[in-house]
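# Structural description and commentary
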Amino acid sequence: MRPFLLLFLLFPVLELFVFVKVSGAIGFFPALLLVILGSMLGVFVLRIAGLATALRARESLSRGELPAQTMLEGLMLALGGGLLILPGFISDVLGLVMLLPITRRLLANKMRRRAEEQAMHQRAFADDLQPRGGPAPREPLGREPNVIEGEFEHRDPK
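Residue indices begin from 1 for each chain and proceed along its sequence in written order. Reporting of local features is limited, given that this is a predicted model, to residues whose pLDDT is at least 70; pairs of side-chain atoms are given and counted only at 80 or more, and all residues count toward the totals for whole chains, interfaces and linings. Side-chain measures were taken over the full set of non-hydrogen atoms in the model, leaving aside hydrogen atoms and water.

The protein chain appears in an unreviewed UniProt entry as Membrane protein FxsA from Pseudomonas marvdashtae.

Listed below in structure tokens is the structure:
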């Protein structure tokens, strides 16, 4: 959690530093215009990419395929568009890298492989958690106990 906190605090400082350096080189207003154009491009990409991803996913489903790769690439497009919307040059460069088809496919493939490995790892250890003929595990606190249905008859001892 600490690396994310550090990144969250450090990223705006880095963006501001790069903006000052770029505005010193090309001027304040051209640098500001580049940041605004980058944000407008991000909004445009998000609108177009969302619709295109939904259409591609629908086509995959109609062919009977799971649209996992399409959805991951759509996620990369959305993330790239979101990074373009953020003001700053570092986020714009990262967003443009995610929008390039080659890097987008590479990142989506890497995410898919990692998710598959994680799923296999969880399945492998899920078998170890199952009881093997021993007593039934106790229910954790806050959950309903197992209920056994049946009938009874009340007999008067007289």
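### Let's talk about the nonpolar core
V45, A49, L77, L84 and L99 together form the largest nonpolar core, which totals five residues. When checking whether two residues touch, look at their non-hydrogen atoms; a contact exists if any pair is within 4.5 Å. Leaving out residues up to four positions away in the same chain, L84 has contacts with G38, S39, L41, G42, S91, D92, G95, L96 and L99. What makes a nonpolar core is a set of buried Ala, Val, Leu, Ile, Met, Phe, Trp, Tyr and Cys residues whose side-chain atoms join them at distances within 4.5 Å. Only protein chains enter the accessibility calculation, which uses a 1.4 Å probe. A residue is then buried if its area is under 20% of the maximum for its type, exposed if over 50%, and partly exposed in between.

### Description of the environment of M98
In this description a helix means any DSSP run of H or I spanning at least four residues, a strand means any run of E spanning at least two, and both kinds are numbered starting from the N terminus. One can find M98 in helix α4 (residues 89-99). Residue classification places M98 among the buried residues on the basis of a relative accessible area of 15%.

### A look at the side chain of E73
Inspection of the secondary structure puts E73 in helix α3 (residues 68-85). The class of E73 is buried, set by a relative accessible area of 12%. When near neighbours in sequence (up to four residues on either side) are disregarded, E73 contacts R104, R105 and A108.

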